[in-house]
Structure formats: C-alpha cells, structure tokens
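Given next are the chains, with one letter for each unit.
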Amino acid sequence: GQGSPVEEKRRESDCVLKGQRKAGIRGVSRGEWEDGGRGANVATAAAPVTAAEYLHNHVYPTLEPALEAMLKAAFPADAQVPEGEEEKGILEAPLVWLAKYLKERNTENSAKRDQDIWQAALELAGSEGDSYQSVYSHGVAAARSVLWPCSVVIAIKDEVTEEVPATPREPEPKPEGEEEEAPVTEEGEEGEEKKPEMKEVRVPVLRYVATSHPDGRSIEGWVLRYQEQGRTGTVIASGETLVVRGAAHEEEKLHFFCGRSKGVPQEDGGCYCAVPLKEVDGSVYGVLAMDTMLDGRVIGDQEIKRLEELAAAVDRAREPFAAQDREKRRLEEEAAEAARKEEEERKRLEEEEAAAAAAAGEGGEEGEGGAEDKGS
C-alpha cells in the first residue's frame, strides 16, 4: 500500500543517495534532502549531477551489457515466435522495446542514428515520383523528418488573373485663356455612378503545392503575391537562400505564417528559411521553405545546408517531368511558327494575285482606249 508522504519522500531520498554513493558522488545529506535544500551544509555540497550526465556516465555502461545478456538468455537465436503471437512478434516484448529505446538514445549511437535519418531523407527527396505533386510531397516529408519540429512548404511560381480599373485617359489640354469645363459624371440608367472600365492583368504569385501541415487542404492552393508581400520574393529574384532569425518578432515583410506569435521571448523567436528551387538552366521556379515556430529554436549552418541539399534533390527528381514539358512546349512553338509562316505565305500569294489581276485590268482598259482613238 501507499505510505505517508513523509515515508514516500524518505524512500525517494534513500534511492538518490544510494545511487550517488555507488557512483562516488558527494551529494546532499538526507537531512538536507528532506529539508528541501535549506540546511546549513548545502553551501558546501557538490553541485547535483544532471540526469543526462548520470545516465551517460553511470547507468548506460552497466545497463546495456545487462540488457544484452538478458536478451540472449530470454530470446536465443533459435527462439520461436509463440503461437498466436505471429502478428505481434517478439520485437514488441517490453524487454526488447526497452533495450532498443535505450540503445537508440545512447550518446554513442546518436550520431549514427542522425546520419541514418539524413541518408533516408536524402533518398526520399530524390526518389522518383509519378507526378510533380508526388515529388513535392516527398521533398516536404524529407525536410520534416530531418528538421522536426518544424513546418515545411513548397511553393511554385505561377500567375493569377485579376481585374483592375483601366487607366483613365487624361483630358486634352485646353488653349490658354479658355476655362476648363467641369468633368461630367456619367450615370447609369437609375442615376447610379457608372462603374469604371476594368481590364485584366496577370499577377505573379507563389502557389503553395505541398505542406507538412496535418490538413494540407488548409494551406495547399494558397497564393502569395511575392512581389508585394513578404520577403520570400527576394529568393525568387536573387536565387539565394533567405534566413530570418527571430521570425516570431518580424511584424512586416515576412511570409504570412510568421509575425503572429505573441509573448514569445526575444531569444526564442524561431527561424524562417527559404531555399530556391531551380531549373537546369539556373532559373528559379519555386522555393522550399521551413520555419521553427513550433518550438522557437534557432537553426544552424548544418540545418541550412541540409535544406539546400534537399532542395537540390527535389530539383533532380522533378527534372524528368520538366524535360517532358520543355519538349512539349518546343513542339508547340515549332508548330505555331510553321502555322505563322504558312499564313504569311498565303497572304503574300493573295496579294500577288490581286496585284496581277489589277495590272491586267489596267492593261485591258488602255488597249480599249487606243482602239477607240484609231477608229475616231
């Protein structure tokens, strides 16, 4: 059964002190522990060891060999999966799960695990897809797996059609001394002011085509007028990577996911990084962007370099589809040029025929006039 709070705290302090004595650590005494660290001897006590240091220096060296031995004893190489456990498998046994969990998080294994994750992400970003969309989705998933926690998007250059008021014609200048007439307001059938004449214009935008957001439909398809809004347009114009540190504190000129956080400490403002996506000729067709607004951390040079490498992998995976589109455009342009030349040739022949007919008509009239003169 559960003991009193005092007994529970005593048992807790006994466990800590035993662990410290076994490791040769001079910690606080039981009285100091139970007194909440307010005793007179606390000032002379050694600083407590952090949990990470204690695990790395004292727990793992003892626990891992013990787990290895226990695994060999409990699950020998010729062990059979118990009947009825085929789907579950012995790897889900608590002991195996604990062993794998601890081994994977050992400091000695973290570097290898990080490298394995990076290689898998690089392969995923460069993997062959069945469409543009699958390539972009692979790139987003790869970046998220390496840089998590983060938000990742891919946006592609596009254009949208908008209607804007047509530029009004300026009134003709009047001669000096002549009073200008007051402008007449055109009215509709019921006396309403006539709507201004509109015209269509093409506006360049970035269209978000892939995202790490759980509900992609909430973001995919959105457009950013990058020439007017945000700072991502500098990536399109320069072809260089953009890194904004302290993104949560950017009130203006950043993409619309940032600049909205309130109460975020200055040192935890997060980062926004946008990397250009490029065609084989070096022209920019989009961006691979990420931000760390989820945890507010600042990214380093290694993370930026990895995002750039993932962008290059996306470019390579996209190239077969881009090459097909370029070939299709080339054939269409050749067909359009041939049709244009054929139309020009047809018009030229028609003009020549018309000119020849006109010349023949004039010659006939001159002949008839000469005959009449002779007769008279």
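None of the values given here were measured: they were computed from a predicted structure.

A. Structural context of the overall build of the protein chain. The helix and strand tally for the protein chain stands at eight helices and six strands. Ordering the α and β elements of the protein chain from the N terminus gives α-α-α-α-α-α-β-β-β-α-β-β-β-α. Per-residue burial over the protein chain gives 26% buried out of 376 residues. For the protein chain, long-range pairs separated by at least 24 residues make up 62% of all intrachain contacts whose partners lie at least 6 apart in sequence. Counting only carbon and sulfur atoms, one obtains 51% of the accessible surface of the protein chain, whose full area is about 25,900 Å².

B. Representation of the side chain of Arg318 in the model. Here Arg318 is to be found in helix H8 (residues 301–375). In this view, Arg318 contacts Tyr132, Val135, Tyr136, Glu279 and Tyr285; residues no more than four positions away in its chain are not counted.

C. Fine view of the packing of aromatic side chains. If you walk through the whole model with that rule in mind, you get two aromatic pairs. Plain terms: the ring middles of Tyr132 and Tyr136 are 6.2 Å apart, the flat faces sit at 20° to each other, and that makes the pair stacked. Here Tyr132 pairs with Tyr136, and both are found in helix H6 (residues 132–147), just four residues apart, close to one helical turn. Under the relative-accessibility criterion, Tyr132 is labelled partly exposed at 24%. Residue class for Tyr136 comes out buried when judged on its relative accessible area of 5%. An aromatic cluster is built from Tyr132, Tyr136 and Phe321, whose rings are joined through pairwise contacts. Sitting above the plane of the Trp148 ring, Arg144 keeps its charged end 4.2 Å from the centroid.

D. Broad picture of the sheet that holds strand E6 (residues 284–291). If you walk across this open sheet you meet the six strands as E3-E2-E1-E6-E5-E4, and the pairing is antiparallel. Bordering the open sheet on either side are strand E3 (223–224) and strand E4 (242–245), each of which pairs with just one other strand. Two strands pair when backbone bridges link them, and strand E1 (residues 151–165) and E6 are joined in this way by six bridges, in the antiparallel orientation. Bridging from a neighbouring strand, Val153 pairs with Ala289 of E6.

E. View of the pairing of E1. Strand direction decides the pairing type here: E1 and strand E2 (residues 198–211), joined by 13 bridges, are antiparallel. Looking across to E2, one finds that Glu162 is bridged to Val201.

F. View of unusual backbone geometry. Residue Pro149 follows Trp148 across a cis peptide bond; omega there is 5°. Considering the arrangement of structural elements, one finds Pro149 in the loop between H6 and E1.

G. Fine view of a nonpolar patch on the surface. Side chains of Trp97, Leu98 and Tyr101 sit close together on the surface and give an oily, nonpolar patch of about 310 Å² of accessible area. As for its position among the elements, Leu98 is in helix H4 (residues 94–104). Assessed through its relative accessible area of 35%, Leu98 is described here as partly exposed.

H. Molecular detail of the confidence of the model for the protein chain. When pLDDT is averaged along the protein chain, the result is 75; 62% of the residues meet or exceed 70. Taken together, the stretch residues 86–91 has pLDDT below 50 and engages in seven contacts with residues farther than four places along the chain or on a different chain.

About the cut-offs
- Chains are numbered independently. Their residues run from 1 in the order of the written sequence.
- Reporting in this predicted model follows two pLDDT cut-offs: at least 70 for local features of residues, and 80 or more for side-chain atom pairs to be given and counted; totals over whole chains, interfaces and linings ignore these cut-offs and use all residues.
- Neither water nor hydrogens contribute to the side-chain values; these are computed over all heavy atoms in the structure.
- A run of H or I in DSSP counts as a helix once it spans at least four residues, and a run of E counts as a strand once it spans at least two, with each numbered from the N terminus.
- Classification of residues uses two cut-offs on accessible area relative to the type maximum, computed with a 1.4 Å probe and protein chains only: under 20% is buried, over 50% is exposed, and between them is partly exposed.
- In this description, contact between two residues means that some pair of their heavy atoms is separated by no more than 4.5 Å.
- Methods summary: accessible areas were calculated by the Shrake-Rupley approach with a probe of 1.4 Å, and residue burial reflects only the protein chains presented.
- Two rings from Phe, Tyr or Trp (for Trp, the six-membered ring) form a pair when their centres sit within 6.5 Å of each other. Planes less than 30 degrees apart are called stacked, planes more than 60 degrees apart edge-to-face, and all others tilted.
- In our convention, an over-ring charge means Lys NZ or Arg CZ found within 6 Å of a ring centre and within 35 degrees of that ring's normal.
- If DSSP finds at least two bridges between two strands, the strands pair.
- Here a patch means residues that are over 30% exposed by relative accessible area and free of salt bridges, tied together within 9 Å if like-charged and within 5 Å if nonpolar (Val, Leu, Ile, Met, Phe, Trp, Tyr).
- Salt-bridge detection follows one rule: a side-chain nitrogen of Lys or Arg within 4 Å of a carboxyl oxygen of Asp or Glu.
- Confidence of the predictor at the level of single residues is captured by pLDDT, which takes values from 0 to 100.

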